[in-house]
Each structure stands twice: as C-alpha cells, then as structure tokens.
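# Coordinate analysis (summary)
Each chain is listed here by its residues.
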Amino acid sequence: MHELSIASSLVDTIRDRTGERTVASVHLRIGQLSGVLADALRFSFEIAAANTALEGAELILEQPAGRIRCRTYGLDSGLVDQFLLCACGSADVQVTAGRELDLVAVQLAAVEAAG
Ligand SMILES: [Zn+2]
C-alpha cells in the first residue's frame, strides 16, 4: 500500500530528528490531487507508529483542494474531483494547488517535571 510506505518513512524521519521524545501530534498537508487517501494514511500511520515514541500521536490532516489554470483562456478554477478538466472543456491545464505532500509541524509532548 502506497500510504503505508509514506507513513513508515514519515515515522522514520520524525524519529531521526526527535529521538525517543514522545510526539503529541503530527500535522500534514496532503492535497486532494496528491493521490494519498486520508483514511488509508491514518490507518497506516497507526501501524507505523506502534511501539515507537509516535504511538498515539494525533495525526492532523489538512487537505487543500485542487486548483488548475487553464492554458486556453488563462482562467483559474477550483476542482471538485481528480479530473484535470477546465469548465471550457480544455484539458490543457496546469495544476496550481492540490499536489502537496508536506509535513507542516510536529508537536512534542510536554515533559512533566519529575517529583
Ligand atoms: Zn478553460
């Protein structure tokens, strides 16, 4: 599964940076044209994070909609689906948003003072 390899490399990358510190949340931006399915990614993240410092971390997903610019008339428009087709009928479009696959932020759990 595509999402499982994304989740595994995400978990590995975060562990490389934050070591064994407990992670409270991971904030990702996955565009609606990125080909990544949010539900599959959540499920995969739970598997990849199990028995690591990321276990139980909240996965915050932002899913920006796709936007295209039509090369025929130069118009920008939003997409409601995966199909890169302008309202004028032209498929000669440039994707201007929606392909993001970005790590926005990682929040570490607060360290509680002992005793
Ligand atoms: Zn057009």
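Residues numbered from 1 in each chain as written. Predicted model: local features only at pLDDT ≥ 70, side-chain atom pairs only at ≥ 80, totals over all residues. Heavy atoms only, no water.

Turning to the nonpolar core, a few remarks are in order. Of all hydrophobic cores here, the largest spans 19 residues; its most connected members are Val26, Leu28, Leu41, Phe45, Leu54 and Leu61. Counting residues per element, the ones that place at least two in this core are helix 1 (2–18), strand 1 (23–30), helix 2 (38–49) and strand 2 (58–62). Not counting residues within four places of it along the chain, the set of residues in contact with Leu28 comprises Leu10, Leu41, Leu59, Ile60, Leu61, Glu62, Asp102, Leu103 and Val104. Of all hydrophobic cores here, the second largest spans six residues; its members include Leu33, Cys70, Leu79 and Val93. (Core = buried A, V, L, I, M, F, W, Y, C linked by side-chain atoms within 4.5 Å. Buried < 20%, exposed > 50% of the residue type's maximum accessible area, 1.4 Å probe, protein only. Helix = DSSP H or I, 4+ residues; strand = E, 2+ residues; numbered from the N terminus. Contact = heavy atoms within 4.5 Å.)

By the alternation rule, side chains of strand 3 (residues 67–70) split into Ile68 and Cys70, which are all buried, and Arg67 and Arg69, of which none is buried. Pairing analysis gives three bridges linking strand 3 to strand 4 (residues 76–78), with the strands arranged antiparallel. Pairing of Ile68 across the sheet is with Ser77, part of strand 4. Two successive antiparallel strands, strand 3 and strand 4, enclose a turn made up of five residues, where Gly74 displays a positive phi of approximately 75°. As paired strands, strand 3 and strand 5 (residues 93–97) are joined by four bridges and run antiparallel to one another. Across the sheet, residue Arg67 finds its bridge partner in strand 5, namely Ala97. (Pairing = 2+ DSSP bridges.)

So, on to the sheet that holds strand 1. Pairing is mixed in the open sheet, where three strands are placed in the order 2-1-6. Two strands bound the open sheet, and with one partner strand each, they are strand 2 and strand 6 (101–108). Strand after strand, the sheet turns through a mean of 15° between neighbouring axes, direction not considered. As paired elements, strand 1 and strand 2 share five bridges and run parallel to each other. Following the sheet pairing, Ser25 is matched in strand 2 by Glu58. Sitting on the sheet, helix 2 touches strand 1 and strand 2, and the angle it makes with strand 2 is about 160°. (Axes fitted to C-alpha atoms, helices over the stretch in contact; angles between N-to-C directions.)

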